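Residue-level structure breakdown
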Amino acid sequence: MCCNNILGHLYISVTQRTPLVHFSTKDVNNLSPSTGDVIVYTTLMASSDVSGYDVTTGKFTAPVHGLYMFSVNSCHNINFATVAIVKNNEILVASSQTDTRNPSCHTVQTIATLVPGDKVWVKCNGFCRLYTDSQFWNTFSSALLQAITGND
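Residues numbered from 1 in each chain as written. Predicted model: local features only at pLDDT ≥ 70, side-chain atom pairs only at ≥ 80, totals over all residues. Heavy atoms only, no water.

**Here's the deal with the side chain of Asp118**
Within the secondary structure, Asp118 sits in the loop between strand S8 (103–114) and strand S9 (119–128). Despite its burial, Asp118 pairs with no opposite charge, the nearest such side chain being Lys87 at 4.0 Å. In this structure the side chain of Asp118 is engaged in a polar contact, spanning 3.0 Å, whose partner is the backbone nitrogen of Val115. Setting aside anything within four residues of it in sequence, one finds Asp118 in contact with Phe60, Thr61, Ala62, Lys87, Asn88 and Thr113. (Helix = DSSP H or I, 4+ residues; strand = E, 2+ residues; numbered from the N terminus. Buried < 20%, exposed > 50% of the residue type's maximum accessible area, 1.4 Å probe, protein only. Lys, Arg positive; Asp, Glu negative; His and termini not counted. Salt bridge = Lys/Arg side-chain N within 4 Å of Asp/Glu carboxyl O. Polar contact = N/O pair within 3.5 Å; in protein donor to acceptor, adjacent residues only side chain to side chain. Contact = heavy atoms within 4.5 Å.)

Here it is, written out as C-alpha cells:
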C-alpha cells in the first residue's frame, strides 16, 4: 500500500512594511547665517532609531530608498528669512518672507525621492536673520512616506 502523504506546508506571508524613518528638530546654531550657509538645527525633538539627521552638520542622509517629505519653519523678527531645502546641492524649494512690523514665521515643504546616501539640508538662500523665543520656533523635520524596493 502506497500513498502520497503530504502532512502539510506552512506558508508564511510577509508583508513588507515601510521602515520608520523620521526626525523633528529645533534650535539653530546661528541666527544670522550667510548666504549659502547650512542652517544647523541642534535639538533633536523626536526621531526614529534610524533618523538619518546629524545635529552637528545639519544634514539628513537617506538610509533607505524612498519618498520623503521635508518641512522647514523659519522665523524672523522684523526682518527677512530666506531659506531653501536642498538635495545634493540642488534646491528643491525656496521661500522668502519679510515683515517689517512684527515677528513672524513661514513654512515651506517638499516631497522628494531619495536613494541611500542622498543628503538633504536647509540653507540660507539670501538674507537670513532668524529669530527664536518660546513662541517662535525654527524647525526642520522629515518623514519617510514610502520605501521603494526592487524595481519599483
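**As for the packing of aromatic side chains**
Remark: the centre distance and the inter-plane angle together describe each pair of aromatic rings, the angle taken between the planes. If you walk through the whole model with that rule in mind, you get 10 aromatic pairs. Ring geometry for Phe23 against Phe140: centres 5.2 Å apart, planes inclined by 75°, an arrangement best described as edge-to-face. Of the two residues, Phe23 sits in strand S1 (residues 22–28) while Phe140 sits in strand S10 (residues 139–147), which places them 117 residues apart along the sequence. Residue Phe23 shares its accessibility class with Phe140, and that shared class is buried. Counting every residue linked through ring pairs, the aromatic cluster contains Phe23, Tyr41, Tyr53, Phe60, Tyr68, Phe70 and Phe140. Above the plane of the ring of Trp137 lies Lys26, whose end atom (NZ or CZ) is 4.1 Å from the centre. One residue, Lys59, lies across the ring of Trp121, its end atom 4.1 Å from the ring centre. (Phe/Tyr/Trp six-rings, centres within 6.5 Å; stacked < 30°, edge-to-face > 60°. Lys NZ or Arg CZ within 6 Å of the ring centre and 35° of its normal.)

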